[in-house]
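Okay, here's what each chain looks like letter by letter:
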Amino acid sequence: MTFSPLRLIGRGFKLLWQALDFSRRVLLNLVLLALLVLLAIGIFSGGPKILESKTALVLDFKGALVEQHAGGARETLLAEAQGDRQRSTQLRDILLVLDHAAKDPKIGSAVLLLDDMSGAGLPMLREVAAAIERFKASGKTVLAWGSSYDQRQYLLAAHADEVYLHPMGMVMMSGFGRYRNYYRDALDKVGVTVNLLKVGTYKSFAEPYIANAPSPAATEAESFLYNAMWKSYTDDVEKTRKLPAGAIMRSIDGLPQSVHDVNGDLARFALKAKLVDGLKTRDELRELMLKRGARDEHSKSFRQINFEDYLAHQRPKLFGDAVGVVVAAGEISEGIAAPGAIGGLSTANLIRKAREDEQIKAVVLRVDSPGGSAFGSELIRRELELTRRAGKPVVVSMGNVAASGGYWISMAADEVIADATTVTGSIGVFAILPTAEKAIDKIGVHTGGVTTTWLGDSFNPLRPLNPRLADVVQSGINHIYADFTGKAAAARHTTPEKIDAVAQGRVWTGQQAKERGLIDTVGGYTDALKSAASRARLGKDYRISYIEREPSRLDRIFNLFGETAAQAMHEQFKLALGTSGLPPAAAARMASELGWLADLQKEGKAYVALTHCLCREP
């Protein structure tokens, strides 16, 4: 038989392929077997903890309270790998747990442990506080304990029947408001010119880049806003704690002398001011709960279930008529965005998905956004308009912030509902065109060339802004503002002139917006769900379906490996600030704010018209 090298190589490849195929089958079978074993373990030995009577629900919220967890599976896995099980707690989960626990005969009481709760907007806190009150109305008691309370934590604690504080703790209430950084002189020193084109006297988003202090208009608007929010906060606390009107402000004004009178013991000060009912260590709280509840022999503590475990007991309905909820939380861009941010295309797609789902009879858009791209905002508004034309009711529920672009996306609804302390309005438009011709001149770099029209290379940031180009962009901004106020007037059944009178980029609280005709109803998220169900003529047994999107594989790859000139510029700001001697937190904030200018280059357009308020929950 003749020896053939090619035949030998062919047989070798065939054997190799068979070996690889065999290995693949073995590996897949082992993975399948492992999954089956894990499933069996979960069925027979796991599952939610079986509740007994007199169980206390421990509300130990983790991280910031949010409308929607940011990021996707990759971010969650990375966080868990670093030992961070949960970075945030969703409002919807808190409401579900509290409302279900109020009807659960196994749950006898609740304990608020808020040390790990890191932040929340005032409207969201008020929503949780209302749920705590519903729980109490069922005849069950609520206790709160903290090693200390910040202003946000204390608002929830104040709604408990009893509030306890560690003997070395304190209650910190400092009010609302902020000081911004202003970069005009710093940018002048490095040779960066910020060209601002806007419509709106109160549109103060870009002031930090063109001035060294806030304008009188910005000071007026923010003072009116923050004072109203602070009054709402203090009224709420004084009512729930049964304190005289004005007690909190008097306490703050007289703080130095009051603390001196108790020899600097801030816990005693809180007790004396009747902010808390007693001073207890954690073990003393445990003993109190043992006396009032039932003992768990396994844990040697009081019978309890924590927030996450009780949430695991809840089984959502998967079928039947539903109110569909689309969450629009974060800044608004034009394209695709992961959960925790708003993409004009991706959020519009979610609304379309809800519209085309036959089981979804009404749509609630839950908004928590300071705005962003005007075009991205319009994509979302238009999709809501089409949903209404299709015969499905649309209700907008405004959360912490629904301003500027956040207000734009709210203009195609049967009803707009906002909390009394929601930050809304800010109807205005601007564009920023930063140029660095002075910066390159300092290092001896110059530009030159020829173009066939004056528009050629006109958006080059290394050249001064052409006045003719500035005039064109300003005309475009004026047109978008007219479109904004026109759509708002049509939505609010009034005239553009009346909208302009309360627009001009000015922010309002939800209550102030109601008084000026910018919203329909002062209320919460629960009210919005009820309104949508009522408008769709659903019975009491309807379900709530959250329409959400997971990031694609391509998104994850870009998030991992994407590198842009804007990011590089941002890193340069960070590097410069890191060696400046500033405290890390202050340096990080400045890097973020200055890096925002660099991020404008990421859009890939000549310029972007922005409807953004530079505002956040206080």
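Residues numbered from 1 in each chain as written. Predicted model: local features only at pLDDT ≥ 70, side-chain atom pairs only at ≥ 80, totals over all residues. Heavy atoms only, no water.

1. So, the overall build of the protein chain
Looking only at helices and strands, the protein chain features 24 helices and 25 strands. Out of the 618 residues in the protein chain, the part that is buried amounts to 46%. For the protein chain, contacts bridging at least 24 residues in sequence account for 77% of all contacts bridging at least 6. Roughly 31,300 Å² of accessible area belongs to the protein chain as shown, and the carbon and sulfur atoms make up 58% of that amount. (Helix = DSSP H or I, 4+ residues; strand = E, 2+ residues; numbered from the N terminus. Buried < 20%, exposed > 50% of the residue type's maximum accessible area, 1.4 Å probe, protein only. Contact = heavy atoms within 4.5 Å. Areas by Shrake-Rupley, 256 points an atom, 1.4 Å probe, with all protein chains shown as cover.)

2. Considerations on the pattern of salt bridges
This model, assessed by the stated rule, comprises 28 salt bridges. Among the ionic pairs, R355 bridges to E383, the shortest N-O distance being 2.7 Å. With R355 in helix α14 (residues 344-356) and E383 in helix α15 (residues 374-389), the pair connects residues that are 28 residues apart, well separated along the chain. Linking E385 and R381 is a salt bridge whose minimum nitrogen-to-oxygen distance equals 3.4 Å. A residue pair is termed a helical-turn pair when its members lie 3 or 4 positions apart in one helix, as E385 and R381 do in helix α15 at four residues. Looking at R381, the relative accessible area reads 6%, which means it is buried. Among the ionic contacts, a cluster of salt bridges with common partners joins E378, R381, R382, E385 and R389. (Salt bridge = Lys/Arg side-chain N within 4 Å of Asp/Glu carboxyl O.)

3. Description of a nonpolar patch on the surface
Judged by side-chain polarity, W454, L455 and V472 come together as a nonpolar surface patch covering roughly 260 Å² of accessible area. Residue placement: V472 occurs in helix α18 (residues 467-492). On the accessibility criterion, V472 (47% relative accessible area) is partly exposed. (Patch = residues over 30% accessible without salt bridge, like charges linked within 9 Å, V, L, I, M, F, W, Y side chains within 5 Å.)

4. Description of the pairing of strand β18 (residues 394-403)
Counting buried positions along β18 yields ten of ten residues, so the element is predominantly enclosed. As paired strands, strand β16 (residues 360-369) and β18 are joined by six bridges and run parallel to one another. Paired with R366 across the strands is S397, a residue of β18. (Pairing = 2+ DSSP bridges.)

5. With respect to the sheet that holds strand β2 (residues 63-66)
In space, the three strands of this open sheet follow the order β3-β2-β5, with parallel pairing throughout. For this open sheet the edge positions go to β3 (88-90) and β5 (117-119), each flanked by a neighbour on one side alone. On average, each strand axis in the sheet is tilted by 45 degrees relative to the strand beside it, whichever way the strands run. Docked against the sheet, helix α3 (residues 91-103) engages β2 and β3, running at close to 60 degrees with respect to β3. (Axes fitted to C-alpha atoms, helices over the stretch in contact; angles between N-to-C directions.)

6. Some thoughts on the side chain of D93
Of note, D93 is situated in helix α3. Buried D93, no salt bridge; nearest opposite-charge side chain is R92, N-O distance 5.4 Å. (Lys, Arg positive; Asp, Glu negative; His and termini not counted.)

7. Points about the environment of L345
Within the secondary structure layout, L345 lies in helix α14. Considered as a pair, L345 and I380 are 35 residues apart in the sequence and their alpha carbons are 7.6 Å apart. With residues up to four places along the chain from it excluded, the contact list for L345 reads E334, G335, I336 and L379.

8. Notes on the packing of α14 against α15
Contact geometry for α14 and α15: axes closest at 8 Å, N-to-C directions at 10 degrees. One finds that α14 runs roughly parallel with respect to α15. In this structure, α14 contributes G344, L345, T347, A348, I351, R352 and R355 to the contact, and α15 contributes G376, L379, I380, E383, L384, L386 and T387. Residues of the contact of α14 with α15, tallied by class, amount to seven nonpolar, four polar and three charged. (Parallel < 35°, antiparallel > 145°, perpendicular 65-115°, else oblique. Nonpolar A, V, L, I, M, F, W, Y, C, P; charged D, E, K, R; others polar.)

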